[in-house]
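Listed below are the residues making up each chain.
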Amino acid sequence: MKTGKRFNLKDFLKENWIALIPYVMFVIMFAVMGVLNSSTLTLRYIANKMDAAFSLILCAAGQTLVLLTGGFDLSVGGVICMTNSLSASRMQDNLGSMLLWALICLMIGLGIGIFNGYVIEKTKLQPFIVTLAVQYICYGAALLILKVDGGLVPASYISGLLHRFGPIPLSMILTVVLILAWLFFKNTKPGFSIYAVGSNENAARLNGISILRTKMLAYGLSGAFAALAGLFRTAQVASGSPTAGADFVMISISSAVIGGTALTGGSGGMIGTVVGALVLRTISDLLVFMKVSSYWSSLVQGVLLILAVAASAYGSMLKRRGGAAS
């Protein structure tokens, strides 16, 4: 009679300790904040932090898909600038107008992403060059749309996206939906293809996977998520800015890497990215509660990123050794 393999906590921790780092980090940070300021343990504070982090979560989610293919997308900042400027300056206070411009912004982000993936695969240029060029084009377009910070965002648009069901914000519900969608998507053929391309592009091609379609999908979704981030940011800050997305480029990559996604591709996932984004958005609050200048926030983020990359590299080295030994 066959018996199922018993769960061994020690073996699980030994095999997955690197992947667990962002979760442990977030729990420790949250616990420390709870000790320093009990208000951080309230649903109101958590709801506010989810609203504050949701634009980054969306942007980093798309960035994760690109990182899994072995690339990265610098154009997300430009897409956020364009969609934030467009939605803030063009939307009227009626449902038809809000839906129309939200759809236009989404299609712009999707189109830019598909263009990135197509050019990168067809020309074999480095993602850095292609997405950086597109980023500057988007920055220029954003300045043509809205030359200075401003715009008139409909009140109903703001209240709709920042709506709360009791103490639960819409952003928290959408984050749960995003995680559930990811758990489904990663087990589909396109999900497997993204991991395969990032793990070994040549092997993926020999196994019949279309590298072009896979990269167009990953970059297209990255652009779409960046557009959604720009749309949510419009409601969050109740205005538009042609430079709204400038800070999202590096921090979206940092969120994914801190969450366990490898810069070399083929390893990681969106759940860790969500945790990584929350960690980065929590750092400034933690420093304030510790009575440390918020100017240290960027330094701490940089240190966390270096540690995350080092942990990822160490984990890859252990896997290679394990594979060689077997």
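Everything discussed here concerns the structure shown above.
Residues numbered from 1 in each chain as written. Predicted model: local features only at pLDDT ≥ 70, side-chain atom pairs only at ≥ 80, totals over all residues. Heavy atoms only, no water.

Caption draft 1: Focus on the pattern of salt bridges. Considering all chains together, one arrives at seven salt bridges under this definition. The partner of aspartate 51 in a salt bridge is arginine 164, with the nearest N and O atoms 3.3 Å apart. Residue aspartate 51 is located in helix H2 (residues 43-68), and its partner arginine 164 is located in strand S1 (residues 164-165); the two are separated by 113 residues in the primary sequence. Across the salt bridge formed by glutamate 121 and arginine 205, the nearest N and O atoms sit 3.8 Å from each other. Of this pair, glutamate 121 sits in helix H4 (residues 95-123) while arginine 205 sits in helix H9 (residues 201-206), and the two are 84 residues apart along the sequence. Note on glutamate 121: relative accessible area 9%, which makes it buried. (Salt bridge = Lys/Arg side-chain N within 4 Å of Asp/Glu carboxyl O. Helix = DSSP H or I, 4+ residues; strand = E, 2+ residues; numbered from the N terminus. Buried < 20%, exposed > 50% of the residue type's maximum accessible area, 1.4 Å probe, protein only.)

Caption draft 2: Layout of a nonpolar patch on the surface. A cluster of nonpolar side chains, contributed by Val24, Ile28, Val32, Leu36, Met290, Val292, Trp296, Leu299, Val303 and Leu307, occupies part of the molecular surface with about 880 Å² of accessible area. Those elements that provide at least two residues to the nonpolar patch are helix H1 (9-36) and helix H13 (297-325). The leading source of residues in the nonpolar patch is H1, at four residues. Turning to its location among the elements, valine 303 is positioned in helix H13. (Patch = residues over 30% accessible without salt bridge, like charges linked within 9 Å, V, L, I, M, F, W, Y side chains within 5 Å. Areas by Shrake-Rupley, 256 points an atom, 1.4 Å probe, with all protein chains shown as cover.)

Caption draft 3: Looking closely at the nonpolar core. Core analysis: the largest hydrophobic core is formed by 53 residues, its most contacted members being Ile57 and Leu65. When residues of this core are assigned to their parent elements, the largest contribution, 11 residues, is made by H2. When residues no more than four places from it in sequence are discounted, the contact partners of isoleucine 57 are Met50, Thr175, Leu178, Val274, Ala277 and Leu278. Of all hydrophobic cores here, the second largest spans 11 residues; its members include Cys105, Leu146, Tyr157 and Leu231. (Core = buried A, V, L, I, M, F, W, Y, C linked by side-chain atoms within 4.5 Å. Contact = heavy atoms within 4.5 Å.)

Caption draft 4: The arrangement of the packing of aromatic side chains in detail. Evaluated as defined, the whole model comprises six aromatic pairs. Taken together, a centroid distance of 6.5 Å and an interplanar angle of 65 degrees make the contact between phenylalanine 72 and phenylalanine 128 edge-to-face. In this pair, phenylalanine 72 is assigned in the loop between H2 and helix H3 (76-90) and phenylalanine 128 in helix H5 (residues 127-145), connecting sequence segments 56 residues apart. A relative accessible area of 27% means that phenylalanine 72 is categorised as partly exposed. Given a relative accessible area of 40%, phenylalanine 128 falls into the partly exposed group. Seen in terms of ring centroids, tryptophan 182 and tyrosine 195 are 6.2 Å apart; in terms of plane orientation they differ by 45 degrees. Their pairing is tilted. A residue pair is termed long-range when its members are at least 10 positions apart, and tryptophan 182 in helix H7 (residues 170-185) and tyrosine 195 in helix H8 (residues 189-199) qualify at 13 residues. We note that tryptophan 182, like tyrosine 195, is buried. The rings of Trp182, Phe185 and Tyr195 are connected pair by pair, giving a single aromatic cluster. When the ring centre of phenylalanine 248 is taken as origin, the NZ or CZ atom of arginine 281, which lies over that ring, is 6.0 Å away. (Phe/Tyr/Trp six-rings, centres within 6.5 Å; stacked < 30°, edge-to-face > 60°. Lys NZ or Arg CZ within 6 Å of the ring centre and 35° of its normal.)

Caption draft 5: Region of interest: the packing of H2 against helix H12 (residues 270-289). In the contact formed by H2 and H12, the axes pass within 8 Å of each other and the chain directions differ by 135 degrees. The angle between H2 and H12 places the two elements in the oblique class. In the crossing of H2 with H12, the sense of the turn from one axis to the other is right-handed. Along its contact with H2, which presents Tyr45, Lys49, Met50, Ala52, Ala53, Leu56, Ile57, Ala60, Ala61, Thr64 and Leu65, the element H12 presents Met270, Thr273, Val274, Ala277, Leu278, Arg281, Asp285 and Phe289. Along the lines of polarity and charge, the residues of the contact of H2 with H12 split into 14 nonpolar, two polar and three charged. (Axes fitted to C-alpha atoms, helices over the stretch in contact; angles between N-to-C directions. Parallel < 35°, antiparallel > 145°, perpendicular 65-115°, else oblique. Left-handed = near helix turned anticlockwise from the far one by under 90°. Nonpolar A, V, L, I, M, F, W, Y, C, P; charged D, E, K, R; others polar.)

Caption draft 6: How the structure looks around the side chain of serine 255. Within the secondary structure layout, serine 255 lies in helix H11 (residues 248-258). Take serine 255: its relative accessible area is 0%, and that puts it in the buried class. Excluding residues that lie within four positions of it along the chain, serine 255 makes contacts with Leu56, Ala60, Gly272, Thr273, Gly276, Ala277 and Leu280.

Caption draft 7: Region of interest: the environment of glycine 140. Within the element layout of this structure, glycine 140 appears in helix H5. Assessed through its relative accessible area of 32%, glycine 140 is described here as partly exposed. Between the C-alpha atoms of glycine 140 and phenylalanine 184, which are 44 residues apart in sequence, the distance is 37 Å.

Caption draft 8: Region of interest: H3. Along its 15 residues, H3 runs 21 Å from first to last C-alpha, staying within 8% of the 21 Å computed at 1.5 Å per residue. Burial analysis of H3 places 13 of its 15 residues in the buried class, which makes it a mostly covered element. (Expected span 1.5 Å × (residues − 1).)

Caption draft 9: Fine view of the state of the cysteines. Within the structure shown, the criterion is met by zero disulfides. Note on cysteine 81: no disulfide assigned, nearest cysteine sulfur contributed by cysteine 138 at a separation of 8.4 Å. (Disulfide = S-S within 2.5 Å.)

Caption draft 10: Broad picture of the packing of H7 against H12. Here H7 crosses H12 at 155 degrees, and the two axes come no closer than 9 Å. Relative to H12, H7 is oriented roughly antiparallel. Every residue of H12 that contacts H7 at Thr175, Leu178, Ile179, Trp182 and Leu183 is listed here: Met270, Ile271 and Val274. Broken down by class, the residue content of the contact of H7 with H12 amounts to seven nonpolar, one polar and no charged.

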